[in-house]
Every structure is written in C-alpha cells, then in structure tokens.
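So you can see what is in the structure, the chains are spelled out below.
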Amino acid sequence: MIEKLAYLWPEITLFAGTCLVMLLGLSPNAAIRKTCLLVTLGTLALGGILGSNTPSNPDAILPDLIPFGKGMIASVGIILVLLMSGVVDREEEDAIAAGRTSFNPLRTTRAEFYAFILFSLTGLMLTTTADSLIWLFLALELTSLPTYVMVTISTRNTRSQEAGIKYFFLGALGAAIFLYGFALLYGGTGTTKLAELHEVFASGEGVNSISIAGLVLSIIGVSFKIAAVPMHFYTADVYQGASSSVSAFLAFVPKTAGFITLMLLLGAVGWDGGLPEPVRVLLWTVAVLTMTIGNVLALLQGSVKRILAYSSIAHSGYMLVGLIAGPGDGSFTENGLAAVLLYLLAYGITNAGTFAVLASLERRAREGGHEEIDSVEDLFGLCKTHPGLGWTMVLCAGSLLGLPPLLGFFAKLPLFTSAISAGEITLVVILGLNSAIAAFYYLRLMGAALLKDPDALAEPVSHVPFPTRSLAGVLAAGGVVSLSVFVGSLMDATGDAATLGDPGESSSSVEPAEMRPETDLPEAAVTLNDR
C-alpha cells in the first residue's frame, strides 16, 4: 500500500487544502473568509503541477492516464472554481457588511461549499488512480456525494432544493446498480483487482453469465454519472434548478469520472479480442439513444440551461462512440480512447464558457434579490450590450457544435476517424446526423447573441459583482481558440494517456481464476464458476 503514495500526492494536497478552507470559511473576519476562493485555486494549481509530474503506473490498465488525467482535472477545475465566487452566502455577507446582522457560523456555508468542491475533485482524481473495483466505487461516490449538497444550497430558491432531492435519489439508484454490478463481477471472477480481471477475461475464464451480467449492470449504473440514456432523466431539471456555476461543475466532474471508470472497466475486460458481444450491443444501443434523445429534446427548449443539459446528454452519446471504437492500432486517428480524453478536455473548457455567460449576468427578480439569466431571449444582442460575454457565448457554442478551427472541431473529428477504423460505419452515420441536428440549437444560441437586437421591453441585465465569473468565461473562450493551435501536442498527450498497458506481465504472480485456491473465492462464486 505504501508504494501507492507516489501516485497520491495531488489528492493529499487537495485534502490538505480542503481542511484549510473549512477553517478559513468559518472565520469571523470577512477578509479571511474571502480567501477561500484563492486557497482553493492555489490548492488546485499545486495539485495540477504534482499530478502532471506523477509517474506512470506500469501495473495499471492505462499506465499513463494518471499524469494526463490529473493535470486535465486541475486545469478545468480552476476555471470551474472561478465561477463559484458569490454562489453561496451572497445575501448573508451583504447583510453583515451593511451591519444589518452579525456573523453567525451556523448561517454561513462558504467553508462547506468550497470544501465540497475540493472533495469532489479529489474523488475525480482518485478515479484515474483506481486499480480495483472497490477503489472505483469509493472514488465515484466521493466525486458524487458533495455535488448533491452543492446543488441544494447553490441558490436560495426552492427550485434548487427540489433539484437536489431529485439528483440525490436518482444518484442513489445509480450507485446501487453499479455497486451490484461490481459485486457480480467479483462473484463471476473471484477478484476485484482490475489487473487480475484483465487476466481472467483474457484467459476466457471470466466470460460467464455472472460476470457479463455484472458488467452490463455496472455500465448502466455508471450511465447516471455521464447522463446517458436510460439514466438521464434528472439532467435537465437539476441543471435548471441549480445555479449556473454548479451546473457547469456537474457537466464536467461526474461525467469525467464516469468515462474514466468505463475506460478502466472496459480495458480490464475487453479490447484484446474485442468487447464481449452483449457489452458491445449495450454500448451501441445506449450511444445511439443518448445522442439522438439528447439532441431532439434540446431542440424543444427555451431555457439555455435546459438546452445545455440535453446537449450534455448528447455529448455523452458522442463519447460512447469512442469507447465502442476502442484503442485501435494505437495511432491517434484510430484510438477511440484518446479521442474520448481529448473530447473531455475540450468539452470541459467549452461548456464552462457557456455557463460562465449565464453566471455572469443577472436581472432583478420579482420577489426581490437577483436571478441569473436563463432564457434564449436573455441572450438577444449580447455581443452589442456585453461584447466580452457575447463573444464568449458565440465561440463556446461554436466549439460545442464542432466548427473549425475551434477546439471542439479537433476533438470531435477523432471520434469519426476511430469509429470508421473500427468498422462502425452505421454508428458514424448516426453520429453525423446528430451533429447536424445539434447545429440548429447551437446556431440558435450563437445567432441570439450575435445577430439579434436586445429586447427593449425586457428587464435589463447587468454584470454580477463577481469579476472572476467573467474571467472564467474569457479563459474558456481563449482556450477554445488558443488550444486549437497546440492540438497536435494535446493529441500526443491523450494518445499516450489512452495507450493500454499489459498489467498481466507486471502481475505475473497472479494465477488464473481456475488455478487459485478455493479459499480465494467466496463459496457461491466457486460453485458458479464450476458450473
């Protein structure tokens, strides 16, 4: 166990930052409380540096995933944290500053909120380091559990509380399903170690009805994390109910955790000789339904948040195409796993930019206070009234669509090439048709900001008093333009990160399931394997 510390310094750093933030956020001094944002950003920056320099793990399914994955998580995480300024305690801090009330640590949630952000990102980093089903389960839950509370407390509106309840109960259902799937995988193979699962499936001993059923249930359960059909029903309500800043967080963090989990699981059980046929059929069906349902429902929405929510579902369908294509021959154009990693990076940056526009503008609410903009009409003439935010929406929506020469184009293209190389021509045609459908609502967002005139009868919108939110949008818009220049280096990095290892060689002491003593297996699993 002690040797694993070499891979865990970024997570240890984030945990130390979490403890510090929890103390600072409870200080009666307002200046100290405001340092929570800076400490969180500094912690992520340090964690990202350590993560990018973390050594590769030769015993892992994807040996070079750790340095790339942790660097990507920290980089996108910094943009997301910039969006979080003022999400909680805004009215309370204003009242304290005006002298209308005194500081009460029981009424403030800043400490917990920033701690939850770091806890969730710590869980996401842990998924890249996972080497067993137990580790994966704990990392996934550490990623998800804080987000349930973040959604609930992100606004003072009862709508966010309703969204938090929906998210929590459906999340519990998803966790129960994939945990049961993990249990069946253990029952069918006799091991929870991913490297040993790889050996067992490679030898053919693990391909039995119990393990295949476990794998299918695991994929369905993890579908909740990536908002894929049939576990997608919560997405639109939760994205609309939560604040825009938290919705941006949900669009990247749980989704990335889910896809990394699927890459590790599928790398452990397949791709040497292809995926088991029931698993391939399941992924194929889920991918088609997810991208089609997501895009069609996005066409019907008038809320920008709901459009982006259904867009998030569709993007999960696109990335599932990369998983179905698999690693190919190792070259980037044929490596579907590398395409998924590049797409996650591009999607995380771009999606943060679109939500940053919504989080940076507000209007006076009827019941008092302020509310973030949400409808498509709120974007009318944004390039004229708020040029920086307007062009951020145009560039980020264009990148989500996949317009060249923006980053989204270079991220989506490898999904097509890898699927073509894998012979999934029908899937490529469906992916192309869905990309055309998506053009309608993305061009609608771009046209609203660029071509429409502001609505003279609407309540005017104004900037929120938190400049870091606009800064997050500018960074995201700059990223979708500037990173496309360095996309060759990104392709090399994702290609290395998505190269499958051979954990069997470095774990040569592991015996096939049939050769192990019966004491290594539960009695029920021995009986089932014997049958």
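Details of the structure are given in the entry above.
About the criteria used
- Residues numbered from 1 in each chain as written.
- Predicted model: local features only at pLDDT ≥ 70, side-chain atom pairs only at ≥ 80, totals over all residues.
- Heavy atoms only, no water.
- Helix = DSSP H or I, 4+ residues; strand = E, 2+ residues; numbered from the N terminus.
- Rg over C-alpha atoms; globule rule 2.2 N^0.38 Å.
- Buried < 20%, exposed > 50% of the residue type's maximum accessible area, 1.4 Å probe, protein only.
- Contact = heavy atoms within 4.5 Å.
- Areas by Shrake-Rupley, 256 points an atom, 1.4 Å probe, with all protein chains shown as cover.
- Lys, Arg positive; Asp, Glu negative; His and termini not counted.
- Charge placed at Lys NZ, Arg CZ, Asp CG, Glu CD.
- Axes fitted to C-alpha atoms, helices over the stretch in contact; angles between N-to-C directions.
- Parallel < 35°, antiparallel > 145°, perpendicular 65-115°, else oblique.
- Left-handed = near helix turned anticlockwise from the far one by under 90°.
- Nonpolar A, V, L, I, M, F, W, Y, C, P; charged D, E, K, R; others polar.
- Salt bridge = Lys/Arg side-chain N within 4 Å of Asp/Glu carboxyl O.
- Expected span 1.5 Å × (residues − 1).

1. Re the overall build of the protein chain
Link 1 in the chain: Regarding its fold elements, the protein chain presents 23 helices and three strands.
Link 2 in the chain: Computed over its C-alpha atoms, the radius of gyration of the protein chain comes to 23 Å, within 12% of the 24 Å expected for a compact globule of 531 residues.
Link 3 in the chain: Over its C-alpha atoms, taken along the principal directions, the protein chain stretches across nearly 75 × 50 × 40 Å.
Link 4 in the chain: In the protein chain, which comprises 531 residues, the share counted as buried stands at 60%.
Link 5 in the chain: Pairs at least 24 residues apart make up 78% of the contacts formed inside the protein chain by residues separated by at least 6 positions.
Link 6 in the chain: Summed over all atoms, the accessible surface of the protein chain reaches about 19900 Å², with 65% contributed by carbon and sulfur.
Link 7 in the chain: The distance from the centre of the 27 positive side-chain charges to the centre of the 42 negative ones in the protein chain is 15 Å.

2. Comments concerning the packing of helix α10 (residues 209-222) against helix α13 (residues 277-298)
Link 1 in the chain: Relative orientation of the contacting elements α10 and α13 amounts to 20°, with a least axis distance of 10 Å. Between α10 and α13, the angle falls in the class roughly parallel. Crossing of α10 against α13: the hand is right-handed. Only P278, V279, L282 and L283 of α13 make contact with α10, whose side of the interface consists of I212, L215, V216, I219 and I220.
Link 2 in the chain: Its residues placed into classes, the contact of α10 with α13 shows nine nonpolar, no polar and no charged.

3. Focus on the pattern of salt bridges
Link 1 in the chain: Taken as a whole, this structure holds 16 salt bridges when the rule is applied.
Link 2 in the chain: In this structure, the salt-bridge partner of E11 is K70, at a minimum N-O distance of 2.9 Å. Residue E11 is found in helix α1 (residues 9-24), and its partner K70 is found in helix α4 (residues 65-82); the two are separated by 59 residues along the sequence. When sorted by exposure, E11 lands in the same class as K70, which is buried.
Link 3 in the chain: For D237, the salt bridge goes to R306, with nearest N and O atoms at 3.1 Å. Of this pair, D237 sits in helix α11 (residues 235-241) while R306 sits in helix α14 (residues 304-325), and the two are 69 residues apart along the sequence.
Link 4 in the chain: Looking at D237, the relative accessible area reads 29%, which means it is partly exposed.
Link 5 in the chain: Among the charged side chains, a salt-bridge network with shared partners connects E162, K166, D237 and R306.

4. Re helix α3 (residues 35-52)
Link 1 in the chain: In this model, α3 (18 residues) spans 26 Å end to end at C-alpha, consistent with the 26 Å of a helix rising 1.5 Å per residue.
Link 2 in the chain: For α3, the elements touching its buried residues are α1, α2 (30-33), α4, α6 (110-129) and α20 (467-482).

5. Quick notes on the environment of I79
Link 1 in the chain: Checked against the element boundaries, I79 lands in helix α4.
Link 2 in the chain: For the pair formed by I79 and G348, sequence separation is 269 residues and the distance between their alpha carbons is 9.3 Å.
Link 3 in the chain: Not counting residues up to four positions away in its chain, the partners in contact with I79 are I349, A352 and A472.

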